[in-house]
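Architecture and fold: a report
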Amino acid sequence: SDVRGTHPRHLEAREELPAAEGIIVDAAELKVGDRVVYPNQGVCKVTGIESKEISGQKLELVRMAREEDGATVMVPKGKVPSIGLRKVATGLQMEGVFHYLGATFSDPELDWKIRHRDNVDRMVVGGVLGVAEVVKGLHALSRIRPLPSKERELYDTARHLLVHEVSISLTVSPALAEDFIDYALMPPAGVKFQLKPPPKPVVVSSMRP
C-alpha cells in the first residue's frame, strides 16, 4: 500500500491537523528526567528549566542533555510547540513504523527541491512516522540513483534518529535496531513481518506553501 504523505498541492483546502502522536504542544508537559526526541538534535533528556536574560529579555528555557554525546541543548519554552519535540515512541507506534518501512513506495515527488522541503517538514511535524517516511522514501530513491548531497545528509540524519529511537523504544542495541530497520526496508527472501494493520498515512498539509 502507498503510505506517502499528501503533498500540499494535492489538497483542495488547507486545514489545521492535530499534532502527530506524542508531540509536546505545551512546555508545561515536560518534567526533569523525561526522555524526548528533538528532530534536529536526537534523543535528549530534560535536565531542568531555567531563566536567562538574553538581549534584555527574560526567557524561560528548557535545558536538555543530548543522550548521544551529553551536549547541552537549550530551547525557549515558547518555542517547544513549533520544533517537533515529542515523547519517545511506544512499542505500538513502532509497529506502525515497520509498516511504513515495509510498504510499497510509489509516485515520488520528482523535483528534489520540493521533495527535500517536504521531507524537512515531515521530520518536524510528522512524529516518528514522519521520520519513517523520510527514511523509506529516500532509501527507495537512493537505490535508483545517487541522492543530491542535501538529501543524502537528510537521509543519514533521519536514519540515525530512527535507529536511536527504535533502540530506546524496544530496548534493544542500536546494532539490532538497525537490523530491524534494514529487514523492514529490504526483507530477506522468505521473511514476513506479522504486524497489525498499518496506521493512516502522515498528511503534511501544514507545510510551507
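Residues numbered from 1 in each chain as written. Predicted model: local features only at pLDDT ≥ 70, side-chain atom pairs only at ≥ 80, totals over all residues. Heavy atoms only, no water.

1. So, the overall build of the protein
The number of helices and strands found in the protein is five helices and five strands. Written out in order from the N terminus, the α and β elements of the protein read β-β-β-β-β-α-α-α-α-α. Evaluated residue by residue, the protein yields a buried proportion of 42% over its 209 residues. Expressed as a percentage of contacts within the protein between residues at least 6 apart in sequence, the contacts between residues at least 24 apart total 64%. Roughly 11,400 Å² of accessible area belongs to the protein as shown, and the carbon and sulfur atoms make up 53% of that amount. (Helix = DSSP H or I, 4+ residues; strand = E, 2+ residues; numbered from the N terminus. Buried < 20%, exposed > 50% of the residue type's maximum accessible area, 1.4 Å probe, protein only. Contact = heavy atoms within 4.5 Å. Areas by Shrake-Rupley, 256 points an atom, 1.4 Å probe, with all protein chains shown as cover.)

2. A closer look at helix 4 (residues 149-169)
Spacing of three or four residues puts side chains on the same side of an α-helix, whose turn is 3.6 residues. For helix 4, with 21 residues, the first-to-last C-alpha span of 30 Å sits near the 30 Å given by 1.5 Å per residue. Looking one or two residues past helix 4, T171 carries a phi angle of roughly 50°, positive in sign. (Expected span 1.5 Å × (residues − 1).)

3. What to know about unusual backbone geometry
Unusually for a residue other than glycine, T171 sits at a positive phi of about 50°. Structurally, T171 is set in the loop between helix 4 and helix 5 (174-185).

4. Comments concerning the packing of aromatic side chains
If you walk through the whole model with that rule in mind, you get one aromatic pair. Centroid distance F98 to F180: 6.3 Å. Interplanar angle 85°. Geometry classified as edge-to-face. Here the residue F98 occupies a position in helix 1 (residues 91-102), and F180 occupies one in helix 5, the gap between them amounting to 82 residues. Its relative accessible area of 11% is what places F98 among the buried residues. (Phe/Tyr/Trp six-rings, centres within 6.5 Å; stacked < 30°, edge-to-face > 60°.)

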